[in-house]
Amino acid sequence: MKKHILIVDDDEGILDSLRRALHRCGDQWSLTFASGAESAWQQLLDASYDAVVADVRMPGLGGMELLERMQQTERTRGVPVVMLTGDDDRELKGQALELGAMDLLNKPVDLRELIARLRSVLRLKDNLDGLREANDRLEKKVLRQDLDLAHSRMNVVCRLGMAAEYRDEVTGNHVVRVGCYSRAIAAQLGLSPAYQQMLLLAAPLHDIGKIGIPDSILLKDGPLSDAEWTIMQRHCEIGERIICDRSKTVAPLFVEWRADELAAGDGPDSSDPVLEMAASIALNHHEWWDGSGYPRRLAGAQIPLEARIVAVADVFDALISNRPYRPARSEEETLLIMAGTVGTHFDPQVHRAFTQSLAQIRDIRAKLADEVDVFPVIAEGVAV
Ligand SMILES: [Fe+2]
Ligand SMILES: [Fe+2]
């Protein structure tokens, strides 16, 4: 493919001699000539060039100003510029190189030298373009892998959360909705996007500890005895242990599995912020703002914020959904019940953020109704 070169000089005589001399390179280069920097700038905006040769001293806009404009503009920044200067323009030469000129040539121009320099800057530009393209490809690939990993992680988390729900016959999309509501509340509270994303992934595991509660208690028809209730409450600690028991690590297995890709002594990062947040939610989502909850009777700000948020999201979705033992409550009734326990059960600030995000929460509820197959929805990114 022919290289496009723009040559700028206010001296028509010089342009003419360059046109004639460079004619023999016509099979490799396509040449455009401009008699001033302003018209050259217009050319640069209208078409794409592989190199520019520009005189430094021109009336009006000079070669240095043209070079400066090119460096400040995304579209023209990567085009190499060869400046033509007088032999005695030492200071200008220094300035031109500082401004980003790729090469300098003395006037009067030695044509053989000009051709050699042009070939060299064009080669350099080819290499730089190749490097930039390879870099772009790599960035896209890393982003794709990142997204695939995030999707796979979300899939695993949601399915794991659902596994606990199957135990007490609450099937559907409750845990996924709780994750999405929690994220909406966190956004309303002004928490960082990274925190919101973590909460979306961590909240669905809030009741994972129910896996460890015997069927005779979990599925009991009728009220639980005090002893049974004590066992039931253990689902918080069991959940925390399932998610974050530090004595159970898959790191050595992982190192063995991916040994070929890991450098010697380079193990996986042992801390996982999503799992740490999920463990905190599993342990604390039944604590009450006034200190009357369980398992540790924490109060107010002692309760981790993520657990205070999930508490609101979880209760809302539980009250407004059908359960095996009772029909769904209306939204009006649900909101009234919840408003009645602000300051006792719920953190007032979190509850306010919840009511302020109700429009979004209704949308999530409709999009992730129990009948919806939630996994294609997750894959399309609709829910996230
Ligand atoms: Fe729970
Ligand atoms: Fe729940």
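Predicted model, so just to flag it, every value in this text is computed and none were measured. (Residues numbered from 1 in each chain as written. Chains lettered and ligands numbered in written order. Predicted model: local features only at pLDDT ≥ 70, side-chain atom pairs only at ≥ 80, totals over all residues. Heavy atoms only, no water.)

*Asks:* If you had to explain helix α15 (residues 348-356) to someone new, which residues and values would you point to?
*Replies:* Every buried residue of α15 is listed here: V350, H351, A353 and F354. One side of α15 holds all its buried residues, which, seen down the axis, span an arc of 160 degrees. Each element contacted by the buried residues of α15 is listed here: α6 (174-188), α13 (305-320), α14 (331-339) and α16 (358-367). The N-cap residue of α15 is D347: its side-chain oxygen and the backbone nitrogen of Q349 are 2.9 Å apart. (Buried < 20%, exposed > 50% of the residue type's maximum accessible area, 1.4 Å probe, protein only. Helix = DSSP H or I, 4+ residues; strand = E, 2+ residues; numbered from the N terminus. Arc of directions from axis to C-beta. Contact = heavy atoms within 4.5 Å. Polar contact = N/O pair within 3.5 Å; in protein donor to acceptor, adjacent residues only side chain to side chain.)

*Asks:* Could you give me a rundown of the coordination of the iron ion (ligand 1), with the residues and numbers involved?
*Replies:* Taken together, the protein donors to the iron ion (ligand 1) comprise D207 (OD), H235 (NE2), H285 (NE2) and H286 (NE2), at separations of 2.0 to 2.3 Å. One way to put it: the 4 donor atoms around the iron ion (ligand 1) meet at angles of 85 to 175 degrees, and that makes the site irregular. Each donor residue of the iron ion (ligand 1) lies on the same chain, and together they follow the pattern D-x27-H-x49-H-H. The metal-metal distance between the iron ion (ligand 1) and the iron ion (ligand 2) comes to 5.6 Å. Taken together, the residues span a long stretch of sequence, with D207 in the loop between α7 (193-202) and α8 (215-218) and H286 in the loop between α12 (273-284) and α13 at a distance of 79 residues. The class of D207 is buried, set by a relative accessible area of 8%. With a relative accessible area of 21%, H286 lands in the partly exposed category. (Donors = N, O, S within 2.8 Å, 3.2 Å for Na, K, Ca; no water. Tetrahedral: all angles 85-135°; square planar, octahedral: opposite > 155°, others 65-115°.)

*Asks:* How would you explain a positive patch on the surface if you had to name every residue and give the values?
*Replies:* Together, R24, R112, R119 and R123 make up a region of like positive charge exposed at the surface. Relative to the assigned elements, R119 resides in helix α5 (residues 111-167). Taking relative accessible area as the criterion, R119 reaches 37% and is therefore assigned partly exposed. (Patch = residues over 30% accessible without salt bridge, like charges linked within 9 Å, V, L, I, M, F, W, Y side chains within 5 Å. Areas by Shrake-Rupley, 256 points an atom, 1.4 Å probe, with all protein chains shown as cover. Salt bridge = Lys/Arg side-chain N within 4 Å of Asp/Glu carboxyl O. Lys, Arg positive; Asp, Glu negative; His and termini not counted. Charge placed at Lys NZ, Arg CZ, Asp CG, Glu CD.)

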